[in-house]
Amino acid sequence: MHEEKIKRLAQLKKSAEGGGGPDKIEAQHTKGKLTARERISLLLDEGSFVEIDKYVVHRGDDPTVKKHYGDGIVSGFGTVNGRQVVVFAYDFTVLGGSLGEMSGKKIAKVMDHAMKIGVPVIGIIDSGGARIQEGVMSLDSYGDIFFRNTQASGVIPQITASIGPCAGGAVYSPAMTDFVIMVENIGQMFVTGPEVVKEVLSQEVSFEDLGGARAHATKSGVAHFVAKNEYDCIDKIKKLLSFIPQNNLEDPPMVESSDDPNRVDSKLASVLPEAPYQPYDIKEIIKSIVDNGDFFEVHELFAENIVVGFARMAGRSVGIVANQPLYLAGALDINSSNKAARFIRFCDAFNIPIVTLVDTPGYLPGADQEHNGIIRHGSKLLFAYCEATVPKITCIVGKAYGGAYIAMGSKNLRADVNYAWPTAEIAVLGPEAAITIIHRKELKSSPDAAAIKKRLAKEYRDKFANPYIAAERGVIDVVIDPMETRPMIIRALEALADKKESRVWKKHGNINL
Amino acid sequence: MEFKIGDLAHLLNAEFVHSLGNDSILIRIDGKDHMLKLLKSGSDEFEFMLDNTFHHVKVMSSSSAEAKLVVDGQPVNVKKHSKLTEVLEKSSGMAGSGGGDRNLTSQIPGRVVSLAAKPGTQVKKGDVVMVLESMKMQVAVKAHKDGSIKEIKVKQGASVARNDILAVIE
Amino acid sequence: MKMSKISSILIANRGEIALRVVRACKELGIKSVAIYSDEDVRAVHVKRADEAFHIGPAAPAESYLNMNKIIETAKAAGVDAIHPGYGFLSENENFASLCEKSGIIFIGPTSKAMEITGDKMKCKEVMKRAKVPTVPGSDGIVEDVEKAADIAHRAGYPVLLKSAFGGGGRGIRLAKDEKQLRQEFEMASAESRAAFGKAALFVEKYLVKIRHIEFQLIRDSHGNGRHLFERECSIQRRHQKLIEISPSPVVDQKTRERVGEIAVRAAAAVDYLNAGTAEFLRDDEGNFYFIEINSRLQVEHPVTELVTGLDLVKLQIAIAQGEEIPFNQQDLRMNGCAMECRINAEDPFYDFAPSVGPVPSCNIPYGPGIRVDTYLYPGCTVSGYYDSLVAKLLAWGRNFDEARRRMKNALDEFQIEGINTTIPLYRTIMDEPNFVKGELSTDYLERYRVMDRMREDAKEEAKKKASAAVAAVLLQSELVKKAKAKGAGAAMQQKQPSRWKHVLR
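Residues numbered from 1 in each chain as written. Chains lettered and ligands numbered in written order. Predicted model: local features only at pLDDT ≥ 70, side-chain atom pairs only at ≥ 80, totals over all residues. Heavy atoms only, no water.

### Observations concerning a nonpolar patch on the surface
So, step 1. Residues V428, L429, I437 and I438 of chain A make up a contiguous nonpolar surface patch of about 380 Å² in total accessible area.
So, step 2. Structurally, I438 of chain A is set in helix α16 (residues 431–438). (Patch = residues over 30% accessible without salt bridge, like charges linked within 9 Å, V, L, I, M, F, W, Y side chains within 5 Å. Areas by Shrake-Rupley, 256 points an atom, 1.4 Å probe, with all protein chains shown as cover. Salt bridge = Lys/Arg side-chain N within 4 Å of Asp/Glu carboxyl O. Helix = DSSP H or I, 4+ residues; strand = E, 2+ residues; numbered from the N terminus.)

### Section: the sheet that holds strand β12 (residues 128–134) of chain B
All names here are of chain B.
So, step 1. If you trace the 4 strands from one edge of the open sheet to the other, you get β13-β12-β10-β15, paired in antiparallel fashion. Unpaired on one side and paired on the other, β13 (137–142) and β15 (159–160) mark the two borders of the sheet.
So, step 2. Across 4 bridges, strand β10 (residues 110–115) lies against β12 in antiparallel orientation. Directly across from R111, in β12, lies its bridge partner E133. (Pairing = 2+ DSSP bridges.)

### Some remarks on the domain arrangement of chain A
So, step 1. By the assigned domains, chain A splits into domain 1 (2–243), domain 2 (268–429 + 465–495) and domain 3 (431–464).
So, step 2. Taking only C-alpha atoms into account, the centre of domain 1 of chain A sits 61 Å from that of domain 3 of chain A. (Domains from an automatic or database assignment.)

### Things to note about empty space enclosed by the protein
All names here are of chain A.
So, step 1. A full pass over the atoms with the stated rule returns 5 cavities of 30 Å³ or more.
So, step 2. Estimated volume of the largest cavity: approximately 90 Å³.
So, step 3. Looking at the largest cavity, it is lined by 13 residues, and the ones nearest its centre are Y90, I125, Y142, A170 and S173.
So, step 4. Within the residue set of the lining of the largest cavity, elements represented by two or more residues are β3 (83–90), α5 (136–152), β6 (165–167) and α6 (172–176).
So, step 5. The element that contributes the greatest number of residues to the lining of the largest cavity is α5, accounting for 3 residues.
So, step 6. Looking at the lining of the largest cavity residue by residue, the classes come out as 11 nonpolar, 2 polar and no charged. (1 Å grid on protein atoms, 1.4 Å probe; cavity = no way out; pocket = protein on both sides within 12 Å on 5 of 7 lines; lining within 4 Å. Points joined across faces, edges and corners; volume = space filled by probe spheres on them. Nonpolar A, V, L, I, M, F, W, Y, C, P; charged D, E, K, R; others polar.)

### Here we look at the nonpolar core
So, step 1. Counting residues in hydrophobic clusters, the biggest one holds 68 residues, and the most contacted among them are I237, F310, V321 and I396 of chain A.
So, step 2. In terms of nonpolar packing, the next biggest core, distinct from the first, is built from 48 residues, V372, A395, Y426 and M451 of chain C among them. (Core = buried A, V, L, I, M, F, W, Y, C linked by side-chain atoms within 4.5 Å. Buried < 20%, exposed > 50% of the residue type's maximum accessible area, 1.4 Å probe, protein only.)

### Focus: the pattern of salt bridges
Residues and elements named next belong to chain C.
So, step 1. If you walk through the whole model with that rule in mind, you get 77 salt bridges over all chains.
So, step 2. When the shortest N-O distance is used, the salt bridge between R237 and D351 registers 3.9 Å. On the criterion of sequence distance, the pair formed by R237 in strand β11 (residues 236–237) and D351 in the loop between β17 (346–347) and β18 (353–354) is long-range, its members being 114 residues apart.
So, step 3. With relative accessibility at 53%, the residue D351 sits in the exposed group.
So, step 4. Here K463 and E460 are joined by a salt bridge, their closest N and O atoms 3.6 Å apart. Separated by 3 residues within a single helix, K463 and E460 lie in helix α16 (residues 450–481), roughly one turn from each other.
So, step 5. According to the relative accessible area criterion, K463 is partly exposed, its value standing at 48%.
So, step 6. Given the relative accessible area of 40%, E460 is considered partly exposed.
So, step 7. Beyond isolated ion pairs, a larger network of salt bridges with shared partners links D401, R404, R405, K408, D412, R427, D431 and E461.

### Focus: the packing of helix α3 (residues 67–77) of chain C against helix α4 (residues 93–101) of chain C
All names here are of chain C.
So, step 1. With their axes 11 Å apart at the nearest point, α3 and α4 run at an angle of 30 degrees to one another. As far as their axial angle goes, α4 and α3 are roughly parallel. The handedness of the crossing between α3 and α4 is right-handed. Touching M67, N68, I70 and I71 of α3 are N94, F95, L98 and C99, all from α4.
So, step 2. Grouping the amino acids of the contact of α3 with α4 by side-chain chemistry returns 6 nonpolar, 2 polar and no charged. (Axes fitted to C-alpha atoms, helices over the stretch in contact; angles between N-to-C directions. Parallel < 35°, antiparallel > 145°, perpendicular 65-115°, else oblique. Left-handed = near helix turned anticlockwise from the far one by under 90°. Contact = heavy atoms within 4.5 Å.)

### Quick word on the packing of aromatic side chains
So, step 1. By the definition in use, this model includes 24 aromatic pairs over all chains.
So, step 2. Following the ring pairs from residue to residue traces out a cluster consisting of F179, F225, F243, F296, F310, F343, F346 and F350 of chain A.
So, step 3. Over the ring of Y375 of chain C we find R14 of chain C; its NZ or CZ atom is 5.4 Å from the centre of that ring. (Phe/Tyr/Trp six-rings, centres within 6.5 Å; stacked < 30°, edge-to-face > 60°. Lys NZ or Arg CZ within 6 Å of the ring centre and 35° of its normal.)

### Brief notes about the sheet that holds strand β14 (residues 147–152) of chain B
Residues and elements named next belong to chain B.
So, step 1. Strand order in the open sheet formed by 4 strands is β9-β16-β14-β11, with antiparallel pairing between adjacent strands. What marks the edges here is a single partner per strand, and that holds for β9 (103–105) and β11 (122–123).
So, step 2. Looking at chain direction, β9 and strand β16 (residues 165–169) are connected through 3 bridges and run antiparallel. Its bridge partner lying in β16, T105 is registered against I165.

### Description of the interface of chain C and chain B
So, step 1. The interface is formed by 44 residues belonging to chain C together with 43 residues belonging to chain B.
So, step 2. When the two sides are added together, the surface that chain C and chain B hide from each other amounts to roughly 4,000 Å², 70% of it contributed by carbon and sulfur.
So, step 3. On inspection of chain C and its partner chain B, the count reaches 2 salt bridges.
So, step 4. Between E417 of chain C and K58 of chain B there is a salt bridge whose closest N-O contact spans 2.7 Å.
So, step 5. Where chain C packs against chain B, one counts 3 residue pairs in polar contact (both at pLDDT 80 or more).
So, step 6. Listed by contribution, the elements that provide at least two residues to the side of chain C that touches chain B are β17, β18 and α16 of chain C.
So, step 7. For the side of chain C that touches chain B, the element with the most residues is α16 of chain C, which contributes 19 residues.
So, step 8. For the side of chain C that touches chain B, the residue count by class is 22 nonpolar, 9 polar and 13 charged. (Buried area = accessible area lost by both parts, 1.4 Å probe. Polar contact = N/O pair within 3.5 Å; in protein donor to acceptor, adjacent residues only side chain to side chain.)

Structure, rendered in structure tokens:
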């Protein structure tokens with residue numbers, strides 16, 4: 001009886017799902033890009049996607065702008081490996097994926113929906129930018145989205161996948177989300193594109209060099225992950241989700257671990273080279289102590305002198321922060337302070353315990369660092385550690401000098417459990433620097449300064465290059481055998497599982513941005 | 001959904017039809033219905049009867065694009081979304097360029113016995129870059145393309161696992 | 001040699017052969033003492049032996065090849081004898097001599113006999129004098145590559161570069177022309193040095209379409225020598241044996257007696273003691289050429305045990321005690337047919353790349369006529385420090401065909417999880433028409449394009465398993481949706497009620 005109506009719906013559905021039409025889809029595929037619907041189908045569990053606002057069309061005044069169902073955004077909710085998420089994807093085949101009034105409202109609607117039910121938001125960006133014909137209404141849309149990004153920030157996880165262009169003001173939305181994954185050679189983000197750069201500054205730079213995945217992953221730190229291709233991008237999103245909770249009231253998901261929580265590794269101590277300033281890869285230690293050596297590194301290519309990422313220990317999701325002696329000897333600087341501080345604040349917002357491994361000789365010296373504000377940026381790391389109320393466990397494996405020792409999750413920043421290896425060296429300054437200051441007079445007046453310096457440095461090292469002075473004062477809770485690092489950290493995590501810590505109420509602090 | 005099994009040319013079209021309760025589900029493969037009764041499921045491992053034949057499957061790895069399985073002791077690779085893969089292969093990502101192509105990876109687990117080249121050395125495809133030793137066999141690792149060695153990622157005596165990056169050739 | 005009862009044996013080896021010797025000891029009521037490196041702490045031979053001593057870190061040079069440490073341990077354990085197994089120190093005359101000097105019985109030949117058999121050139125000399133036919137090639141060790149090229153040119157390419165102290169197929173390289181000879185000379189020297197501590201090569205003409213047929217020997221201290229029939233080991237890859245069969249399809253009783261007699265003569269020529277093997281190459285015309293005597297118990301000894309009913313390890317111990325061999329040559333009868341497949345931890349689809357790691361589970365086959373000598377057990381680990389042989393699968397039948405079918409079946413049942421093995425290759429060989437006919441030669445794999453066949457078979461298998469594979473993938477995504485499956489990327493659903501819902505905001 002109502003067959004006509006049902007048939008009509010089927011036709012409209014087909015039309016809506018056809019995006020900008022077969023030609024546009026062909027063009028998208030020729031560029032080696034998937035369509036918005038294909039991407040969503042890869043991300044979400046089969047059959048779980050409920051699309052909303054499927055039949056929304058634009059209300060713009062310009063009659064030459066064709067009305068498409070969906071208005072260039074595919075949005076809705078579904079499950080990823082059984083967990084509810086909200087997703088929106090820009091549809092490049094419709095009007096170049098440009099954002100107008102109604103498409104903006106679509107995104108705002110699903111974000112509101114996510115806030116109501118407390119689930120992560122995943123945005124897939126592939127957009128030519130604002131829809132010029134809709135004028136200020138498209139800018140309005142961006143504003144609405146930005147506002148919701150901030151409201152959601154720290155409440156529900158927000159992940160952005162950049163699988164296409166994103167230019168101008170639009171880039172600020174991804175910037176405010178928690179994690180950005182860019183697909184190599186396809187994802188691009190910049191505030192002003194190469195043409196404008198050329199016009200205004202006469203600088204020639206390609207799209208990829210200016211705002212491609214590698215540029216943002218290595219230089220600006222905008223991208224947390226670089227995906228080799230779209231499959232890899234989806235896999236990374238799924239892997240990331242597996243470590244984080246649905247919202248800030250939930251604990252991160254726990255899995256049954258096949259890795260023995262009491263596993264000791266007698267080879268751990270030998271990761272550190274005999275000579276004190278020889279580089280080694282901190283990731284070897286990380287991989288040994290986490291479950292099944294599975295470490296999901298975040299911001300791998302940015303500020304490589306510090307390593308952050310997710311892992312599991314005894315099935316519990318943890319955030320790892322560790323100095324990397326392979327780069328800049330593991331010294332702290334502007335970029336690494338920023339990188340680690342943001343990661344710590346994410347973990348704190350979402351109930352993920354933080355495990356810190358320390359081996360740093362201090363802060364990177366130089367006018368460059370000073371004038372670019374290492375003082376301001378460095379303070380962020382301290383602020384983040386202090387602010388965090390999640391369980392914090394620190395283990396000093398090597399050097400920990402001066403302010404950097406304090407900054408890396410030290411006891412007084414209210415870390416809960418502080419371990420140290422017998423190889424730990426906790427001091428105000430490294431031996432050479434310390435000697436130069438303490439024995440300045442002696443060295444100035446002596447004819448054989450070099451030899452004396454060497455002897456004094458050795459004495460200093462013997463006296464201070466150990467964790468026991470700190471342990472005697474209770475600043476280190478206990479010195480541990482390196483091979484027991486994993487079980488010791490896991491036991492601390494278990495003990496701290498129900499940790500409660502309160503802070504004085506405030507609207508928000510004034511972290512030195 | 002379409003699946004590509006190993007190197008077989010014919011793509012299998014398969015989908016879940018519906019659940020029959022009691023751990024039984026109905027699936028359709030290439031238009032034909034099959035009854036699957038789940039006998040045992042563990043982490044990444046299943047035992048089931050498909051029609052009247054018993055099967056044991058272990059999932060070695062599973063990602064968006066591909067699942068590596070061991071079916072009744074036989075390793076089988078299942079590629080999902082083969083049409084999408086065709087599209088993606090047009091963009092440089094799938095062809096293995098960018099980071100992937102520069103990396104010379106190890107085909108075997110072993111120890112680095114000797115390094116035959118250092119950063120800056122010009123190599124042609126097939127030139128020996130280093131020698132690995134495993135299970136008492138010496139295996140030469142050859143450059144997978146022409147270029148210059150940007151980085152040697154391992155030291156002499158280091159242990160490497162299969163698929164570890166040994167060097168970067170630009 | 002006088003009689004001296006052995007009441008305890010230290011097994012200077014690891015893996016399946018160590019377990020083999022432990023078993024023989026248990027049968028004889030002899031105390032078994034095992035040694036193990038860091039890698040083998042949880043090995044099965046360590047668990048089964050009466051006592052076990054830690055011998056050093058993983059690297060062979062510091063453990064299983066560490067002569068002094070082993071003798072020290074043997075003395076501390078107070079053992080009467082040492083069984084060296086195969087590989088490692090089994091053909092090291094210094095070690096045998098060290099045992100003799102320490103008053104410990106070395107279960108094997110005398111160091112003097114080993115000195116001769118260990119030096120392939122010297123041995124060849126002795127054989128020539130004893131009128132045992134040998135292969136054309138260099139008369140002595142070739143020190144430099146120029147001399148090698150010269151001899152190779154005269155004998156005619158292709159030639160083999162062999163380590164004078166090699167064995168078990170190691171240190172052998174093929175050179176088809178002079179360019180290759182020069183390349184291989186270097187690598188062969190290095191490998192020889194790495195495996196045996198010394199590098200000395202000799203050149204031998206490479207005979208084409210040949211069969212590798214060896215005779216099991218046993219000789220006691222009273223001068224009695226016997227042969228325990230032949231084994232055909234033609235199917236090889238890079239001079240490593242893959243399959244051994246007894247009887248050989250091309251050896252009739254007359255030939256068996258003729259060549260067996262030559263083998264016994266060879267053993268006497270070097271005054272051999274205990275178990276060993278005389279290796280021959282048989283060309284297409286039926287001529288047999290002596291290659292070498294392997295002065296140890298070999299990997300493939302179970303093949304002979306299955307067709308003769310004898311226990312070679314127990315015989316070795318008896319001879320080491322000074323006893324006489326308890327049977328005459330005429331008393332021996334061959335019964336049925338036996339074959340062995342060497343299961344290696346290598347990926348035959350990936351150029352035999354070594355495969356190491358934990359073996360979470362394995363299903364070892366059994367049934368009529370099936371024997372498996374292995375160190376595998378569910379939960380063990382295959383180490384990258386030692387050779388890749390993980391199991392010897394043997395099948396006995398009343399004739400070649402029955403043995404072959406039983407082997408095929410057993411291969412199908414043999415499942416090893418966690419590592420790649422060469423089982424797929426053997427499954428293909430068992431049904432390969434030329435193998436079925438007994439058409440074997442040392443170039444069997446290349447001649448009949450067996451590797452290609454193996455890949456074809458794999459495709460067929462994949463086809464058969466396609467439906468099940470697809471079903472499993474569908475199953476997994478269904479279960480994941482219901483959050484019942486655990487696994488990569490899937491996180492267990494929260495069982496507790498959502499806090500989101502209940503907290504006032």
